[in-house]
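A closer look at the structure
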Amino acid sequence: PYAGSPALGTATIDLAAIAHNLRVVADAAEVGVIAVVKADGYGHGAVPVARTLVGAGAVGLGVAQVAEALALRAGAITAPITAWLHTPDTDFQAAIAAGIDVGVSSSRQLAALVAAAEHLGETATVTIKVDTGMNRSGVARDEWAGFVDDFARARAAGAVALRGVMSHLACGDEPDNPANTDQADLLRAAVADLNAIGAIPELVHLANSPAALTRRDLAFDTVRPGVALFGLNPVPQHSRADLIPAMTLRTAVSLVKHVPAGGGVSYGHGYVVPADTVVAVIPVGYADGVPRALSGRLRVRINGRDFAGIGRVCMDQFVVDLGPAGGGVTEGDEVEVFGTGADGGPTAREWAELTGTIDYEIVTGIGPRIARRYV
Ligand code: PLP
């Protein structure tokens, strides 16, 4: 969005790693993969990532919003796309016109989709999202019987055609949690109810990345992973899958300067240098996705060495301590803010652990001022 001047930070996206990760997940699950590329491909850039995943054999793509699906179509992605999160304002006519498979979570959503289909004189493709226990999206248990009746009528009228039946696991990252098996049982029962009205889905899917990597028995017709495709293993204690992180965040040293002993660094002078030192200004900040909660706990790689962040992370920048001799660092030197960790450097996982979150939040939080570069 800021074309015209070089960005100060770059996220290099390793598309070969993404293709590799798809194969790793497909091998683990032994079924096809609907690749989840919502939230701009988990921050990696939805269109190039989707193109890579489809080229590597994904059977379809999943996104939350119809707008995300339309953006993929605008990017010339012709593969099947399912979009499953809507509001009453969602433009189902645009979704139908673009051949998007609409995930529906209620009779109200189904009615809105039917109205759009009838207006266009077309048949909408539907994936029924069943709430099997997460109590989030999906047709609620107490609405299920009525929903099936409504769906049967809409189908008989030619307004909708069934493509899939899906549900989402609440505890997929705990492979042994009995809730996973309970959810799978309820999904099977829902499919049986649909079969009873003559509706046979092409694809039934439940498993997210953690389940795809650990519960082959829950794979159904296809799995629906997101984060693992980007090389982030959500269950490292249960799976040693050979995933390669796809994003490396880099910038360049903006300034190098001396700070005398006793000098306070950054807002609030939260860090006071104990002895004369040299610092570097790193020009990415919390607006770019460097959590402010990492203040004083960051490390970056410059010329193969680790340097520690000092003082508060600001909106656009933070400061690292180069030591009294300056560590041989000069302005313009490349800074690896996080990467694959292959060289022992900082990773999105490390940031997540330090800030009490998950690496999903780190990579999806990399902001629009960071250029994406594909290799
Ligand atoms: N399916 C649904 C409905 C989701 O909301 C998500 C992401 O949260 C996924 C699949 C992919 O999950 P993960 O990134 O854990 O593989």
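This text goes with the structure placed above it.
This one's a predicted model, so the numbers in the text were calculated from it and none came from an experiment. (Residues numbered from 1 in each chain as written. Predicted model: local features only at pLDDT ≥ 70, side-chain atom pairs only at ≥ 80, totals over all residues. Heavy atoms only, no water.)

What about the overall build of the protein?
Looking only at helices and strands, one finds 11 helices and 19 strands in the protein. Projected onto its principal axes, the C-alpha positions of the protein cover 80 × 45 × 35 Å. Residue burial in the protein is summarised as follows: out of 375 residues, 53% are buried. Once local pairs closer than 6 in sequence are excluded, the contacts in the protein between residues at least 24 apart make up 67%. Approximately 15,800 Å² of the protein is accessible, and the part contributed by carbon and sulfur atoms is 53%. (Helix = DSSP H or I, 4+ residues; strand = E, 2+ residues; numbered from the N terminus. Buried < 20%, exposed > 50% of the residue type's maximum accessible area, 1.4 Å probe, protein only. Contact = heavy atoms within 4.5 Å. Areas by Shrake-Rupley, 256 points an atom, 1.4 Å probe, with all protein chains shown as cover.)

Description of the nonpolar core
One finds Ile128, Phe151, Val160, Ile302 and Phe318 to be the most contacted residues of the largest nonpolar core, which totals 109 residues. For this core, the leading source of residues is helix α1 (residues 15-29), giving 7 residues. In this structure, Phe151 is in contact with Leu110, Val126, Ile128, Val160, Leu162, Leu194, Ile197 and Ala199, ignoring residues within four places of it in sequence. (Core = buried A, V, L, I, M, F, W, Y, C linked by side-chain atoms within 4.5 Å.)

So, the site of the ligand
Taken together, 15 residues sit near the ligand, with Lys38, Tyr42, Ser209, Gly226 and Tyr360 positioned nearest. With respect to the ligand, the side chain of Tyr42 contributes an N or O atom lying 2.6 Å from an oxygen atom. Here Ser209 contributes a side-chain N or O atom positioned 2.5 Å from an oxygen atom of the ligand. Elements represented by at least two residues in the shell around the ligand include exactly α2 (38-42) and α9 (209-214). Considering only residue class, the shell around the ligand consists of 8 nonpolar, 4 polar and 3 charged. (Near = heavy atom within 4 Å. Polar contact = N/O pair within 3.5 Å; in protein donor to acceptor, adjacent residues only side chain to side chain. Nonpolar A, V, L, I, M, F, W, Y, C, P; charged D, E, K, R; others polar.)

Section: the packing of α1 against helix α3 (residues 46-55)
Where α1 meets α3, the closest approach of the two axes is 9 Å, and the angle between their N-to-C directions is 45°. Regarding the angle of α1 to α3, the classification is oblique. For α1 against α3, the interelement crossing comes out right-handed. Taken together, the residues of α3 that come into contact with α1 (itself represented by Leu15, Ile18, Ala19 and Leu22) are Pro48, Val49, Thr52 and Leu53. A class-by-class count of the residues in the contact of α1 with α3 yields 7 nonpolar, 1 polar and no charged. (Axes fitted to C-alpha atoms, helices over the stretch in contact; angles between N-to-C directions. Parallel < 35°, antiparallel > 145°, perpendicular 65-115°, else oblique. Left-handed = near helix turned anticlockwise from the far one by under 90°.)

What to know about the packing of aromatic side chains
Going through the model one piece at a time under the given rule, you end up with 5 aromatic pairs. Consider the rings of Tyr42 and Phe230, whose centres lie 5.0 Å apart with planes at 25°: the pair is stacked. Here the residue Tyr42 occupies a position in helix α2, and Phe230 occupies one in the loop between β9 (222-223) and β10 (247-252), the gap between them amounting to 188 residues. Judged by its relative accessible area of 1%, Phe230 falls in the buried class. (Phe/Tyr/Trp six-rings, centres within 6.5 Å; stacked < 30°, edge-to-face > 60°.)

A word on unusual backbone geometry
Here Ala39, not a glycine, exhibits a phi torsion of approximately 50°, which is positive. Turning to its location among the elements, Ala39 is positioned in helix α2. According to the relative accessible area criterion, Ala39 is partly exposed, its value standing at 37%. Of note in the backbone geometry, Asn135 takes a positive phi value of approximately 60° without being a glycine. The topology assignment puts Asn135 in the loop between β6 (124-129) and α7 (144-156).

Notes on the sheet that holds strand β18 (residues 334-338)
Taken in spatial order, the 9 strands line up as β11-β14-β17-β16-β15-β18-β10-β1-β19 in an open sheet, and their pairing is mixed. Of all the strands in the sheet, the pair left with one neighbour each is β11 (255-259) and β19 (370-374). Taken over all neighbouring pairs, the strand axes of this sheet differ in orientation by 35° on average, direction set aside. Note that strand β14 (residues 277-282) and strand β17 (residues 318-323) share 5 bridges and pair antiparallel. Across the sheet, residue Ala280 finds its bridge partner in β17, namely Val320. (Pairing = 2+ DSSP bridges.)

A few points about the pattern of salt bridges
Any two side chains of opposite charge can pair if their charged atoms end up close together. Scanning all chains against the criterion turns up 14 salt bridges. Measuring nitrogen to oxygen at the nearest pair gives 3.2 Å for the salt bridge that ties Glu30 to Arg216. Residue Glu30 is found in the loop between α1 and β2 (32-36), and its partner Arg216 is found in the loop between α9 and β9; the two are separated by 186 residues along the sequence. With relative accessibility at 55%, the residue Glu30 sits in the exposed group. A residue is classified by how much of its surface remains accessible, and Arg216, at 47% relative accessible area, is partly exposed. In this structure, the salt-bridge partner of Asp217 is Arg215, at a minimum N-O distance of 2.8 Å. For Asp217, a relative accessible area of 47% gives the class partly exposed. By relative accessible area, Arg215 is classed as buried at 13%. (Salt bridge = Lys/Arg side-chain N within 4 Å of Asp/Glu carboxyl O.)

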